[in-house]
Structure formats: structure tokens, C-alpha cells
Amino acid sequence: MNVSVSGTGYVGLIQGVGLAKKGHSVTCVDIDRAKVESINAGVPPIYEDGLKELLAEVRKNGFKATDDIRQAVLNSDITFVCVGTPSSRHGEIKLHQVRQVAREIGEVLREKDYHVVVIKSTVVPGTTEGMIELLEEHSGKSYPKDFGVAMNPEFLREGSALDDFFSPDRVVIGSTDKRTRDLIRKLYEGFDCEVVETNFREAEMIKYASNALLATKLSFINEVGNVCKRMGIDTNVVAKGVGLDHRIGPKFLRAGLGFGGSCFPKDVSALMHKATESGYYPRVLRAVLDVNRDQPGKLLYLLDNKLGSLSGKRIAILGLTFKENTDDVRESPSLTIIKDLLMEHADLVLFDPMGMPAVMQLFPQLQYAQSAQHAVHGADAVLLLTEWPQFQDVDYGDVYVLDGKNVFNTKDRRPKNYEGICW
Ligand code: UDX
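This structure is a prediction, so every number in the text was calculated from the model and none was measured.

Caption draft 1: The site of the ligand, seen in detail. As a structural note, the neighbourhood of the ligand is formed by 19 residues, with Glu158, Phe322, Lys323, Glu387 and Lys405 the closest of them. Interatomic distance of 3.1 Å between a backbone N/O atom of Gly260 and an oxygen atom of the ligand. At 2.9 Å, a backbone N or O of Phe322 approaches an oxygen atom of the ligand. Out of a free accessible area of 670 Å², the ligand has 93% covered by protein chains. Tallying contributions element by element places helix α9 (residues 200-231) first for the shell around the ligand, with three residues. Taken together, the residues of the shell around the ligand sort by class into nine nonpolar, two polar and eight charged. The residue makeup of the shell around the ligand includes at least three contributed by each of domain 1 (2-198) and domain 2 (234-420).

Pasting the structure below:
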């Protein structure tokens, strides 16, 4: 099938390269010329495991990027909208990019026979229906007679996005039009998973409810951990025992500093905002965000207790990204902790296998070590703030190690002077 993908962030680029690998003819579109050139030169603008190699492979078969949305839409049967939906200060998502793309596609549809537009960006329930109105207004045509629309949420984790793309747990196709649903089903033929057909709002809500439930699991285990720590109970043993119940499952029960990244904080806030707007105040979601916001403070409290005044104390921060295997520092708890420690005049030395370039832009004045081992040398305390497994192999000697991410989630290899944030 001929496919165009609008937006070359994590979602769009993985979707484009992934579909190209599946044999479809794909063109990715972005307004950012630098990104387009980078992709066409074989250099992904984001880091993702295996992406560079796959990009090289699919480029040989015609995969390309462009800033010309008109040509891309004209030459394809289906367009995925994967542009950003940033948050406002109040937690609601801003839809200007999605709306702009819908307007542009609408104009192109004036010159084109049947075409299917698929919203893949994470959007609150009701948004896709609004996009249909925009498409109709700008194309002078009508849904579903002249063009199709669907909502097809993504469930990709950064760091394992390609695996998640090729082995999804499910594909959700939200549309009220059978012809559209059939076309998308055909596109995903060969993916070994259940396909769930829904209407637009159900598809939009499946994405939010999935992320909100995962975030709830995390705040829940962090709260259990906070209680366990006070009572001298090993949270990790408890999490193991709880996770063996097949109704609960072992995943997303690793207690720690709380969740970061581009999805969970934003999506839970957006759902909260939308729920409140609809007249329902979501108490569980509020608590999920509150627990998450307060976790970094727990770490700082323990550090204060251990070192007394932090002024002038040398603190090694290992881990800057919001999780392992990514260079992404968006909403990373490390950033909050760095700011707090700077307010206390601590002397910081930072290390992360992949996140240092992004943090250097935010804090150019700080000291960055060339390895975790170098950072630890001479430190009064070490904070483990990302679950990079290689931090297990550092020689910490006698220095106080405060683990915020459960890097040492079993007792056997822990450093001598070790403490967990909530275990
Ligand atoms: C998430 C969703 O998993 C994905 O389906 C969605 O499409 C985008 O958002 P991602 O943000 O890449 O993916 O990361 P994820 O692996 O889900 O982790 C989110 C956060 O939770 C990270 O900060 C991670 O460190 C933390 N986490 C995860 C824990 O603290 N404990 C755990 O047990 C699991």
C-alpha cells in the first residue's frame, strides 16, 4: 500500500519505517527541513534501538522523507497523522499541530479521489470527530463517502519501540466506517495480534485508559513502597509476591522515583483535565499524579538525613534519562532533583550513558563525568536516578548509594552502604 506519515517524532518515524519494513511504500512528512534531510541521509533524528539499521534497510527500498505534504498525500492511499500534542500549563493537550495537518490534508483532498486519514497522535476523546469536520470544511467533500477517517492509537515504549511495533499486544482501529476499517485491517495484515474495532471515542479512550492504568500501577506500588520502608518490609519481595497473581501480573511493579517521559505525566494530566471538563472529578488520577510528584522529595529527604547540610557536598548523579535505553530526558525525575540540589548548593557531578548532551543544554555550568566510575570517585553520596543496568557494575566502595530506580532490586549485589528510596 502507498502510505504517508505526517510527523517524524518517535511515533511517526517508527510507524513509517515499520510499515516500510512490512513492504509498504512509505513517505514521511515533516515541516522541519533539518529532520527531513537527516532521515534522507540515513540518520534518525531520535535515538531508538535498531532504528538506524532499519532506516538504512528501508531507504534502499524507496522509503523517504519530505516537507511536501501535498505530494505525499497525493501519492498515497492512506495518511497517518503522528504530530505532537504538547501540554498546556493546566494539563490539557494542545491540538494546533493536529488541526493544522488536518487543514492541509483537507486542501489536498480537493484534488484527490478516496483517501483515508488516520489519527495516531494521542488525542482526547472527541478530537477525531472534530478532525472530520475540519477535513470536510477544507476539502469540500464528505466523510465517509469521499474519504475515510480512523483513530489508531500507538502503544510504543521508547527504547523498545520497534519490538512493540512488530509485536503489538493489540491493534485498535476506531472508525464508524467499514471501508476505512477494512483498509487499515489490510495494512496491518501479518501482525500476530488481536484487532479491536471500535468507534472514534473508544479508541481515543483506550489509549488514555491504558496509560493511566499503568501509571496507577506505578504510583500504587510506590505508595506501598513508602509504607513498607517505614515498616521495615522489603517492597521488592512484596511486589514479587503480588505480581505472581495472574490477575495483577509482575510488570510495572518496580517501585522507585516515579514515572517520567513524554507520555504518562502528560496523558494522565490530559485525561484528568478532560474528565473534570466533562463534570467528573477523577480522584484516582489526581492521587496518581500527587504520589508521582512527591516521590523525588522522598529521595531528597533521605539524602538530607544522611549527609546533614548538602551545601558543598559532592553528589554524584548516575542517570539523567527518564528510563534506560533512551536519550530522552523529558519529564525525567533527575531534572527535578538536580534543580533541588542546586538550590541547596550541592556540588554535583553527573553521568548518563546517553542523556548527557540533552542535560548539558539545560545545565551547561555543571560537571559531567566521562564514566559512572569517574563520577563516583570522591563523592559524598551517589544517587541512582535511572535504571541503567550497567550501574550495577560500578565499584561504589564505602560511599553512600541512594537508589531511586531499583537498579539493585535484589539484595545479592548491593553496594556496602546502600539504601533504597522506598524499599
Ligand atoms: C509509555 C507506555 O508504556 C507506552 O505504551 C505509551 O505508548 C507511551 O508511554 P514510555 O514512556 O516509553 O512508554 O515508558 P515506559 O517503559 O512505559 O516507562 C514509563 C516510566 O515508568 C519510566 O519513567 C520508567 O522508569 C517508569 N517505570 C516503569 C517504573 O518506575 N517502574 C516500572 O516497573 C516500570
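On we go from here.
Caption draft 2: Just the environment of Lys22, in detail. Tracing the backbone through its elements, the reader meets Lys22 in the loop between α1 (10-21) and β2 (25-29). Put simply, Lys22 and Val171 are 149 residues apart on the chain and 15 Å apart in space, counted from C-alpha to C-alpha. Excluding residues within four positions of it along the chain, Lys22 makes contact with Phe166, Gly190 and Phe191.

Caption draft 3: Looking closely at a nonpolar patch on the surface. On the surface, a cluster of nonpolar side chains totalling about 270 Å² of accessible area is made up of Val227, Met231 and Ile233. Looking at where Ile233 falls in the secondary structure, it is placed in the loop between α9 and α10 (235-243). Residue classification places Ile233 among the partly exposed positions, given a relative accessible area of 35%.

Caption draft 4: Representation of the layout of surface pockets within the structure. Each pocket or cavity is described by its volume, and for the second largest pocket that value is around 200 Å³. Lining the second largest pocket we find Asn226, Lys229, Arg230, Gly297, Lys298, Tyr301, Leu302 and Ile421. Among the secondary structure elements, those contributing two or more residues to the lining of the second largest pocket are α9 and α12 (283-307). Here the element with the most residues in the lining of the second largest pocket is α12; it accounts for four residues. Residues of the lining of the second largest pocket, tallied by class, amount to three nonpolar, two polar and three charged.

The rules behind each value
Residues numbered from 1 in each chain as written. Predicted model: local features only at pLDDT ≥ 70, side-chain atom pairs only at ≥ 80, totals over all residues. Heavy atoms only, no water. Near = heavy atom within 4 Å. Polar contact = N/O pair within 3.5 Å; in protein donor to acceptor, adjacent residues only side chain to side chain. Areas by Shrake-Rupley, 256 points an atom, 1.4 Å probe, with all protein chains shown as cover. Helix = DSSP H or I, 4+ residues; strand = E, 2+ residues; numbered from the N terminus. Nonpolar A, V, L, I, M, F, W, Y, C, P; charged D, E, K, R; others polar. Domains from an automatic or database assignment. Contact = heavy atoms within 4.5 Å. Patch = residues over 30% accessible without salt bridge, like charges linked within 9 Å, V, L, I, M, F, W, Y side chains within 5 Å. Salt bridge = Lys/Arg side-chain N within 4 Å of Asp/Glu carboxyl O. Buried < 20%, exposed > 50% of the residue type's maximum accessible area, 1.4 Å probe, protein only. 1 Å grid on protein atoms, 1.4 Å probe; cavity = no way out; pocket = protein on both sides within 12 Å on 5 of 7 lines; lining within 4 Å. Points joined across faces, edges and corners; volume = space filled by probe spheres on them.

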